[in-house]
Amino acid sequence: MQALGEKTQSKKWMGGVVNISDLLNPAYIDLNLLATDKESAVKAVAYMGKDHPEIDDFPSFCRAVYEREAAGSTSIGRGIAIPHARTDVLKQMVLIVARCPEGISFGEKDAEPVRFIFLVGTPKRMVTDYLRIVGSLARCMKEDGFRQRLLKATTPAEFIEVFKGKEF
């Protein structure tokens, strides 16, 4: 019989990522990011992954994230940004999350300051998984009530539970 962790790991990666909560880890969630602008926020969130076990080359990962953000804002509206990088310096997909209580401007096009940053790092071979996760994030985050529950979460574990309550 498999240990619980082994069962979860095989469920998580056989045929792709199952849920956003499969990628969330309390160690990589900051519920009180204090950044004043887009650049410092993206750098702070990327830096949270410095010791992530799935990142083989941290400086290359950061460069890929910064280059992608420089190509165009990853804000999707409703106070949400999804900076991302597709790079082969990752063993598996990673999700690093920050909540910015004060909100941060990600560009003049955004009517609402960004309060949630979901940094998605994806190995190049996992295009379908990347699209699933980003699509799931966009669907979940478009609901006002869901965003409010995430804003009220007081711990990273509680933040993850909000996602678990939304997923099948």
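Our structure is the block above this text.
Residues numbered from 1 in each chain as written. Predicted model: local features only at pLDDT ≥ 70, side-chain atom pairs only at ≥ 80, totals over all residues. Heavy atoms only, no water.

### Side note on the pattern of salt bridges
Under the definition given, this model contains 6 salt bridges. With a closest N to O distance of 3.6 Å, Glu39 and Lys43 form a salt bridge. Here Glu39 pairs with Lys43, and both are found in helix α3 (residues 38-47), just 4 residues apart, close to one helical turn. Assessed through its relative accessible area of 56%, Glu39 is described here as exposed. Given the relative accessible area of 38%, Lys43 is considered partly exposed. (Salt bridge = Lys/Arg side-chain N within 4 Å of Asp/Glu carboxyl O. Helix = DSSP H or I, 4+ residues; strand = E, 2+ residues; numbered from the N terminus. Buried < 20%, exposed > 50% of the residue type's maximum accessible area, 1.4 Å probe, protein only.)

### Some words on the environment of Ile96
Secondary-structure assignment places Ile96 in strand β5 (residues 94-104). Setting aside chain neighbours within four positions, we find Ile96 in contact with Tyr28, Val45, Met48, Gly49, Ile117, Phe118 and Leu119. (Contact = heavy atoms within 4.5 Å.)

### Details of the nonpolar core
With 27 residues, the main nonpolar core has Phe118, Phe159 and Phe163 as its most contacted residues. Here this core gets 6 residues from one element, more than from any other, and that element is helix α5 (residues 127-141). Dropping the residues within four chain positions of it, Phe159 is found in contact with Ile29, Leu31, Val97, Phe116, Phe118, Leu150 and Ala153. Phe61, Cys62, Ala81 and Ile104 belong to the second largest nonpolar core, which has 26 residues in total. (Core = buried A, V, L, I, M, F, W, Y, C linked by side-chain atoms within 4.5 Å.)

### Topic: the side chain of Arg99
By secondary structure assignment, the location of Arg99 is in strand β5. Within the buried set, Arg99 has no salt-bridge partner at all; the shortest N-O distance to an opposite charge, 7.3 Å, is to Glu158. Within the local environment of Arg99, its side chain forms a polar contact with the backbone oxygen of Leu31, the two atoms lying 3.2 Å apart. Excluding its chain neighbours within four sequence positions, the residues that come into contact with Arg99 are Asp30, Leu31, Asn32, Leu33, Arg115, Phe116, Leu150, Leu151, Lys152 and Ala153. (Lys, Arg positive; Asp, Glu negative; His and termini not counted. Polar contact = N/O pair within 3.5 Å; in protein donor to acceptor, adjacent residues only side chain to side chain.)

### Focus: the packing of α3 against helix α4 (residues 58-71)
Taken N-terminus to C-terminus, the directions of α3 and α4 make an angle of 150 degrees; their axes are 10 Å apart at the nearest point. As the angle between them shows, α3 and α4 are arranged roughly antiparallel. The hand of the α3/α4 crossing is right-handed. Each of Lys38, Val42, Lys43, Ala46 and Tyr47 in α3 lies in contact with α4, whose residues at this interface are Phe58, Phe61, Cys62, Val65, Tyr66 and Glu69. Class assignment for the residues of the contact of α3 with α4 results in 8 nonpolar, no polar and 3 charged. (Axes fitted to C-alpha atoms, helices over the stretch in contact; angles between N-to-C directions. Parallel < 35°, antiparallel > 145°, perpendicular 65-115°, else oblique. Left-handed = near helix turned anticlockwise from the far one by under 90°. Nonpolar A, V, L, I, M, F, W, Y, C, P; charged D, E, K, R; others polar.)

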